[in-house]
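# Observations on chain architecture
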4 protein chains.
Amino acid sequence: MTTAVLSDKKMKTFEEIESAVRSYSRGWPTIFEKAKGYKMWDTDGKEYIDFFAGAGALNYGHNDEAMQEKLIEYIKNDGILHSLDMGTNPRKEFLERFKEVILKPRDLDYKIMFPGPTGTNTVESALKIARKVTGRDSVISFTNAFHGMTIGSLSVTANSFKRHGAGVPLHHTVSMPFDDYVEDQSSIAYLEKFLEDSGSGVALPAAIILETVQGEGGMNAARLDWVKQIESICKRWDILLIIDDVQAGCGRTGTFFSFEPAGINPDIVCLSKSIGGAGLPMAITLIKPEYDQWEPGEHNGTFRGNNLAFIAATEALTNWETDDLSKAIQEKASILSDAIKGWVKNYPALKGEARGRGLMQGIAIEGEGIADEICAEAFNRGLIVETSGPNDEVVKFLPPLIIDNDGLKKGLQILEDSIKQVLAK
Amino acid sequence: MTTAVLSDKKMKTFEEIESAVRSYSRGWPTIFEKAKGYKMWDTDGKEYIDFFAGAGALNYGHNDEAMQEKLIEYIKNDGILHSLDMGTNPRKEFLERFKEVILKPRDLDYKIMFPGPTGTNTVESALKIARKVTGRDSVISFTNAFHGMTIGSLSVTANSFKRHGAGVPLHHTVSMPFDDYVEDQSSIAYLEKFLEDSGSGVALPAAIILETVQGEGGMNAARLDWVKQIESICKRWDILLIIDDVQAGCGRTGTFFSFEPAGINPDIVCLSKSIGGAGLPMAITLIKPEYDQWEPGEHNGTFRGNNLAFIAATEALTNWETDDLSKAIQEKASILSDAIKGWVKNYPALKGEARGRGLMQGIAIEGEGIADEICAEAFNRGLIVETSGPNDEVVKFLPPLIIDNDGLKKGLQILEDSIKQVLAK
Amino acid sequence: MTTAVLSDKKMKTFEEIESAVRSYSRGWPTIFEKAKGYKMWDTDGKEYIDFFAGAGALNYGHNDEAMQEKLIEYIKNDGILHSLDMGTNPRKEFLERFKEVILKPRDLDYKIMFPGPTGTNTVESALKIARKVTGRDSVISFTNAFHGMTIGSLSVTANSFKRHGAGVPLHHTVSMPFDDYVEDQSSIAYLEKFLEDSGSGVALPAAIILETVQGEGGMNAARLDWVKQIESICKRWDILLIIDDVQAGCGRTGTFFSFEPAGINPDIVCLSKSIGGAGLPMAITLIKPEYDQWEPGEHNGTFRGNNLAFIAATEALTNWETDDLSKAIQEKASILSDAIKGWVKNYPALKGEARGRGLMQGIAIEGEGIADEICAEAFNRGLIVETSGPNDEVVKFLPPLIIDNDGLKKGLQILEDSIKQVLAK
Amino acid sequence: MTTAVLSDKKMKTFEEIESAVRSYSRGWPTIFEKAKGYKMWDTDGKEYIDFFAGAGALNYGHNDEAMQEKLIEYIKNDGILHSLDMGTNPRKEFLERFKEVILKPRDLDYKIMFPGPTGTNTVESALKIARKVTGRDSVISFTNAFHGMTIGSLSVTANSFKRHGAGVPLHHTVSMPFDDYVEDQSSIAYLEKFLEDSGSGVALPAAIILETVQGEGGMNAARLDWVKQIESICKRWDILLIIDDVQAGCGRTGTFFSFEPAGINPDIVCLSKSIGGAGLPMAITLIKPEYDQWEPGEHNGTFRGNNLAFIAATEALTNWETDDLSKAIQEKASILSDAIKGWVKNYPALKGEARGRGLMQGIAIEGEGIADEICAEAFNRGLIVETSGPNDEVVKFLPPLIIDNDGLKKGLQILEDSIKQVLAK
């Protein structure tokens, strides 16, 4: 009661001045002040374990010391902060390191585009270049896909609430069933039939855009074999394959790119969120050289040269010089996975279902509002975790990749306590 | 010759690894290292006067000392860098200070939305909410408008090269003539007739979106009276008026908002670029409270909580506590304006025309490629200045607002020398 | 009163069984039984003078004797009535006669397409082929244009009530001002500026579609010089010129094609309504041979082979073997024009304005509903005449071209009596 | 050889004057002169059995004597031929008789709309009213659907060649799998999942438009149970069900409406083709009274009052006063069905598959071009029969419903002879 009153006072500024569109400050009604690694503290000094990681933008945790030092040094030296797509040292170093550390060892050959600093910018750029290169206008996306909130990206986003928010009908896209979408039905057979039949009503698309693990859509992990089949379909019909790795990339599933274990070689890859290292706005679009058919300036934007982000991004790449991080993620993914399976088994009232892959997992829970209640309870107990899925029915675990086993287990314990509490009501 | 070779080597990384879409690194083929106030230096130690200001994102100049200190302090203290739309101190302070320093003294009442950190994000959010509030789908924009590169913003952008880049037809918009578009014809009469005649073929729009001074479109400044008439038209037909002040706002024309001298009260205002103070990615959408009809999360994005930008943005607001900056801008605007008029008069071969308002002015030059040649020559001589307009025919002056008279005059001298050089060929 | 009750009974079937969309049976609440030349009779034996001519589909009047004979003969002989686009004698004869009597003497060279039997079919086919030939998607149409009610044609129709009826936003079209649309403004200057400026926001269109005299739009006759200028614009930018002569063609304005006196040579011409001779459903699309790039069957339809219509159409062409009909139309057009000018002058309360050309004229009347009242009164007095224009503000005169002077004058007298009656209220 | 030369001469007019879009006159290169019942004769006196029936517009055969008499009588009496939607006796009689003979006995309650005389007109009107009534913009149609060639109808037509001909992207529609579309996959399960999942990317549509038997799409007959399930889905989600019975209606499948045996009650029904009795252009849209929410004139067209068609249409209704026609169709359907099954069995080289229902059947044949060759051979032997399906792989049988057993068998013999001849090559 007292807490509620205090909290109200605390959030007054947001309630009175900020737009009604604000969202996280409603579910987590406090003011966050400090953060380090996998921990956050609010202005009351309360500590939180972070299983949210900036919606996947903080894979390397909060305020990595090496990054902090480099950022401070750059600022102190009057380094150029904002540079559009002019040449700067941080941009140059990022390009070189990304090629050296990420692309070369994976035998990948891409041109790197800076499309503006957000996830939706990279998706819009990917759709544009795919349409230009193929001369086709439509794009196939999948059920429960999330690609962004600007009109181009929204047109390949599946959620009806978000689509409706466009205020205009969304065109030039076709929604096809994601892996395992309809029980006992093959989404591959369905897609193939629509593409091979000239009477299907579905035109040959410029591209297929795919998240290998759908985050907002409910932590749905496509089987690797299914992903491989989608690549085959793309090759068979000369369709460009765009992997939107904005949330699942940068190590989230255990490899730098989420698609590595599927053994595919996408034509275009979208990266944002954790590519900026420290949570600073940045995005890149990777394009096979033969498809990099842009005219200079054909897609642009003011904040393509966020040098602080380049610095943190370059520092973050050191994590990928060895296999250590990958192995550690896989180890922690097992712990997470075991915990989720345990809850599914031990709390049958949840009618739970384990979802996801790597450190991108979730538990789908039947019963309207239960998942939200669990997250609210977890917040009270000092764990930051949110829901996803079309009906917010999935508790979504996105801990920073650098979380230690201790932190991970503590967080999981809070979550289990929260489940018990909610089920006890 | 030698320079060219060196330059080639220097830019190798960008040419080989970065996408062909890169643009500024072609026109200014060097690597920038440091910047302070209105000056920039490249890795060879060459100094440049900056008449570009990050395409308007650096109104307060590079690396303002007070901003630097606050940024460094925040990073040192493990302040939370990335927070989506969670509550944080920097977000809270920005909201309060913006209301106090900007809105209240101007008798403006807006809810503040963080729509994602780029100009195109704020425009997309403005279009969405206007369509939602009115239940109408079309939007009227103007000839030579530039509002952004994602599909929603691009649909209200006029440039055919940029529109073509969409790869899909752009809908739900109508392009109307900007002030003084067709010689001896009244664009107001034209617009009114299309709106009042139910047989015009143009539906009642959700909104009219307007830049009071078109930057990318060629430094076209609408007469204040014309802007006022557009507002009247919006009121008469119950159309929402969106002012896109992304480039012309934040003091660029001499007042914080570009529309202040016109005495209008827009329904929605889009701000980005210099709102972030130091060139860090940030944007806000101002919405009259009665139109702030968003559902929570109806528009979102990962980088809505760039706390470093909030800190610099809040510091930048101190510039607006008194009239001093405004007066200084107007003074420098006169110097700039006099210089341009002088060139128009003294170099008739340019067939020049003075354009713009405040520190957002330009000189339109007949003769294909001349404006570009002048900018290239200026770069060689140590001045950063670019072109705009549908055919890159306008040399565009966007010095930082904090430039001193000396710096301004030096830059203008370089420009004049460049004109002479180009005309002498 | 008694009449009203009787009328109600008479119309019961339509009111009870037919859809609410019915329209003419509301304004003219009677059952028509017979018709000959310019006269119609209802089931009560009441005679009407027809100044409506099936909305322009009965230029040759009702039940021309020669046509009747040929139709009956064909039916009696078991002639094939319905033939899609198979070869039949009536189709062959129509093709040959149309080329001989209409195209050759006017030095016009077109391929003749049968696009389905209605006006909207020919317009849809014209838009399709123009888009195919040019590879462009947008089409410029004009304010107050009417081209049909299917989605393609509706997209180039200007009336907001009709457009709204589409239930979907209408795309790929731009509405430009018709001749004399905005007072003291040159619509040609606007159009040219939008086309020549790559920053106008209006893409180079596949075609411009134009009615030289707008019937539904309010009997607006473009000046011949303006029409000529539109053709020049099309040539300058390589845009196809489509003349929609569905209502203004087949002699309505005094020449077979309405555009003849302008001396232009359109790329595509749409004909329907009176092309069928006796009011039987028929339409043709005339396409310059170089643009006749259809694949077989790329546009089709079940009723492209209405042989009864071909027979009447061929018979109707005899009217064009000499200049006699043209001259007679021009003579009667003068009588009509003089009458309208007289009313404008003698009944200043009408605030009337003369509109139109040939036997396609009207009087625009200020004051909401007045024009409708005049038409209602005229109906009571035995004259069939309707309104047009965005607000039904124009009384529209479309007598059959074969009306004699006596009939014309009688009709005009009834109209004048109706004006008096309405003004006397 | 000689024949070819003669034929060339004969078709010269069409080749030289008519547009390249002509289609049937290529496959059947002759000039048809007379027709009676199920027989046609060309100008050389050659007799043909008609298994095409005007693509389904001549269900009652050619030149029914009673119809001929009534048509001639009406013309002789100066009956009004063209009346838009004014009241006329033939219109009144048709409305009353249709209600009496067709609707009442089937316990159906519809308002009757005259949307213009072609199939595409009725479909466009159905889509419009469905969108208006529901306030939704999208419509679900099915793979291999054919609904017409104007932009609205084309947007729900599946064939890629026809869609491509639009010249613009087609919007506001989603293509779902028809019954039995993907082997071993349930199209009902897909549709339900897409509708029930708010994250499917498919919005709740205004309507589902369905042919119970797809003619152009390849004679695909949906199982009656599947049709019933579609109706249930429509009811469950408050979606309007539009049955496009343009080709399958008017008795073609054995009942007046094709959907009668499925026991459904569609919200809107589209009829054209044979509704005009004698092949004269006519169409109606049947709308449940509660959905007949048109404003007067909200959809219109010049040829909605084709009185000759109304007269033949009314006469045709006499066929439905008893069950005799229905029974006769079913009997003949068995003969047809047995023949097709026999060919499938006896000519395994065809890899044939029997398709369709009632007198709307076909045989799908593997091997590119074989079906076309069979039809060409049949033409030489005096049988008019065409192909359908996305790759013209189905020989399509649409004999007039009034064909006698003798005629049917003769035609089937010619077809079998043609199969033998083609296979012998």
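Per chain, the residues get numbers from 1 upward, laid out in the order the sequence is written. Following the order in which they are written, the chains are lettered starting with A and the ligands numbered starting with 1. Side-chain atom pairs in this predicted model are given and counted only at pLDDT of 80 or more, local residue features only at pLDDT of at least 70, and totals for whole chains, interfaces and linings cover all residues. To get the side-chain values, all heavy atoms of the structure are used, and hydrogens and water are removed first.

Which entries qualify depends on this criterion: UniProt positions are given in the numbering used here, feature names are shortened, and annotations may be inferred rather than shown by experiment.
Chain A is annotated in an unreviewed UniProt entry as Diaminobutyrate--2-oxoglutarate transaminase of Virgibacillus natechei. The annotation that UniProt attaches to chain A under Sequence similarities (unreviewed entry) is "Belongs to the class-III pyridoxal-phosphate-dependent aminotransferase family." Turning to chain A, the UniProt record has this under Cofactor (unreviewed entry): "pyridoxal 5'-phosphate".

## Topic: the environment of Leu191 of chain B
Residues and elements named next belong to chain B. Which entries qualify depends on this criterion: Here a strand is any run of E in DSSP of at least two residues, a helix any run of H or I of at least four, and the numbering for each starts at the N terminus. Only protein chains enter the accessibility calculation, which uses a 1.4 Å probe. A residue is then buried if its area is under 20% of the maximum for its type, exposed if over 50%, and partly exposed in between. Any pair of residues with heavy atoms lying within 4.5 Å of one another is described as a contacting pair.
Mapped onto the secondary structure, Leu191 falls in helix α10 (residues 187-196). What makes Leu191 buried here is its relative accessible area of 1%. In this structure the C-alpha to C-alpha distance between Leu191 and Arg357, which are 166 residues apart in sequence, comes to 24 Å. The residues touching Leu191, leaving out its near neighbours within four places in the chain, are Ile140, Met176, Ile208, Ile230 and Ile233.

## Points about the interface of chain D and chain C
Here is the rule we go by: For any pair of parts, buried area is found by adding up, for both, the accessible area (1.4 Å probe) each one loses once the two are put together. By definition, a salt bridge exists where a carboxyl oxygen of Asp or Glu is found within 4 Å of a side-chain nitrogen of Lys or Arg. Residues adjacent in sequence count toward polar contacts only when both atoms are side-chain atoms; beyond that, a polar contact is any pair of N or O atoms within 3.5 Å, and within protein one must be able to donate a hydrogen and the other to accept it.
Contacts between the two partners involve 104 residues from chain D and, on the opposite side, 104 residues from chain C. Summed over both partners, the interface of chain D with chain C buries about 8,900 Å², with 65% contributed by carbon and sulfur atoms. The largest per-residue losses of area from chain D upon contact with chain C belong to Ile17, Val21 and Phe303 of chain D, which jointly make up 8% of the total buried on that side. Applying the counting criterion to the chain D and chain C interface returns four salt bridges. Between Lys36 of chain D and Asp78 of chain C there is a salt bridge, with the nearest N and O atoms lying 2.9 Å from each other. On inspection of chain D and its partner chain C, the count reaches 48 residue pairs in polar contact (both at pLDDT 80 or more).

## Concerning the packing of helix α9 (residues 187-196) of chain A against helix α10 (residues 224-237) of chain A
Residue and element names in this part refer to chain A. The criterion, for reference: Every axis corresponds to a line fitted to the C-alpha atoms, with the helix fit spanning only the stretch in contact, and the corresponding angles, defined between N-to-C directions, vary from 0 to 180 degrees. In this scheme, roughly parallel covers angles under 35 degrees and roughly antiparallel covers those over 145, while 65 to 115 is roughly perpendicular and the rest are oblique.
Look at α9 against α10: their axes get within 11 Å of each other, and the N-to-C directions meet at 10°. Classified by the angle their axes make, α9 and α10 are roughly parallel. Contacts between α9 and α10 involve Ser187, Ile188, Leu191, Glu192, Leu195 and Glu196 from the first element and Trp226, Gln229, Ile230, Ile233, Arg236 and Trp237 from the second.

## Side note on the interface of chain B and chain A
What counts, and what does not: Paired strands are those between which DSSP finds at least two bridges.
Facing 103 residues of chain B, the contacting portion of chain A comprises 103 residues. A combined buried area of about 8,900 Å² lies between chain B and chain A, and 65% of that area is made up of carbon and sulfur atoms. On the chain B side of the contact with chain A, Ile17, Val21 and Phe303 of chain B bury the most area, a combined 8% of that side's loss. Joining chain B to chain A, the criterion identifies four salt bridges. Counting the contacts that link chain B with chain A gives 48 residue pairs in polar contact (both at pLDDT 80 or more). Note: strand β4 (residues 87-88) of chain A against strand β1 (residues 31-36) of chain B, two bridges, orientation parallel. Bridge pairing in β1 of chain B places Gly87 of chain A opposite Ile31 of chain B.

## So, the side chain of Glu315 of chain D
Residues and elements named next belong to chain D. Among the secondary structure elements, Glu315 is positioned in helix α11 (residues 307-317). Overall, Glu315 belongs to the buried group, its relative accessible area being 15%. Beyond its immediate sequence surroundings of up to four residues, Glu315 is in contact with Asp64, Ala66, Met67 and Lys70.

## Considerations on the relation of the copies chain D and chain C
Here is the rule: We place the copies in one frame by least squares, fitting the C-alpha atoms of every residue whose pLDDT is at least 70 in both.
Screw-axis analysis of chain D against chain C gives a translation of 0.0 Å along the axis, an RMSD of 0.0 Å, and a rotation angle of 180°. These values place the two chain copies in the arrangement generated by a two-fold rotation axis. In this assembly, 100% of the residues forming the interface of chain D have copies in chain C that are likewise at the interface, indicating an isologous arrangement.

## Regarding the environment of Ala328 of chain A
Of note, Ala328 of chain A is situated in helix α12 (residues 324-346). Taking the C-alpha atoms as reference points, Ala328 of chain A and Trp28 of chain A, 300 residues apart in sequence, are found 30 Å from one another.

## Notes on the pattern of salt bridges
Overall, the coordinates contain 104 salt bridges over all chains when judged by the stated rule. Notably, a salt bridge pairs Glu386 of chain B with Lys396 of chain B, separated by 3.3 Å at the nearest N-O pair. With Glu386 of chain B in strand β17 (residues 386-388) and Lys396 of chain B in strand β18 (residues 394-397), this pair connects stretches of sequence that are 10 residues apart. Residue Glu386 of chain B shares its accessibility class with Lys396 of chain B, and that shared class is buried. Residues participating in the shared-partner salt-bridge network are Lys36 and Glu65 of chain A together with Asp78 of chain B.

## Topic: the sheet that holds strand β6 (residues 139-142) of chain C
Residue and element names in this part refer to chain C. Taken together, seven strands build an open sheet; the order of strands is β5-β13-β12-β11-β8-β6-β7 and the sheet is mixed. Strands with a single pairing partner mark the edges of an open sheet, and in this sheet they are β5 (111-113) and β7 (173-176). Strand-to-strand twist in this sheet, taken as the mean axis angle between neighbours without regard to direction, amounts to 20°. The pairing of strand β11 (residues 240-244) with strand β12 (residues 268-271) spans three bridges and is parallel. Across the sheet, residue Ile243 finds its bridge partner in β12, namely Val269. Docked against the sheet, helix α5 (residues 89-103) engages β5, β12 and β13 (284-287), running at close to 55° with respect to β13.

## Considerations on the confidence of the model for chain A
Residue and element names in this part refer to chain A. Inclusion rule: On a scale of 0 to 100, pLDDT captures the predictor's confidence in every residue.
For chain A, the mean per-residue pLDDT works out to 96, and 98% of the residues sit at or above 70. Every residue in residues 1-5 scores below 50 in pLDDT, and together they form zero contacts with partners more than four places removed in sequence or on other chains. The complex prediction reports pTM at 0.97, with the ipTM value standing at 0.97.

## Let's talk about the relation of the copies chain B and chain A
With an RMSD of 0.0 Å, chain B superimposes on chain A once it is rotated by 180° and translated 0.0 Å along the axis. The residues that chain B uses at the interface reappear at the interface of chain A in 100% of cases, marking a shared surface.

## Let's talk about helix α11 (residues 224-237) of chain B
Residue and element names in this part refer to chain B. Threshold: The span you would expect from a helix comes to 1.5 Å times its residue count less one. Throughout, the arc means that of the directions going from the helix axis to the C-beta atoms.
The end-to-end C-alpha distance of α11, which contains 14 residues, comes to 20 Å, matching closely the 20 Å that a straight helix rising 1.5 Å per residue would cover. Buried within α11 we find Trp226, Val227, Ile230, Glu231, Ile233, Cys234 and Trp237. Take α11 and look down its axis: the buried residues cluster within an arc of 155°, on one side only. Opposite the packed face of α11, turned more than 90 degrees from it, sit the exposed residues Asp225 and Lys235.

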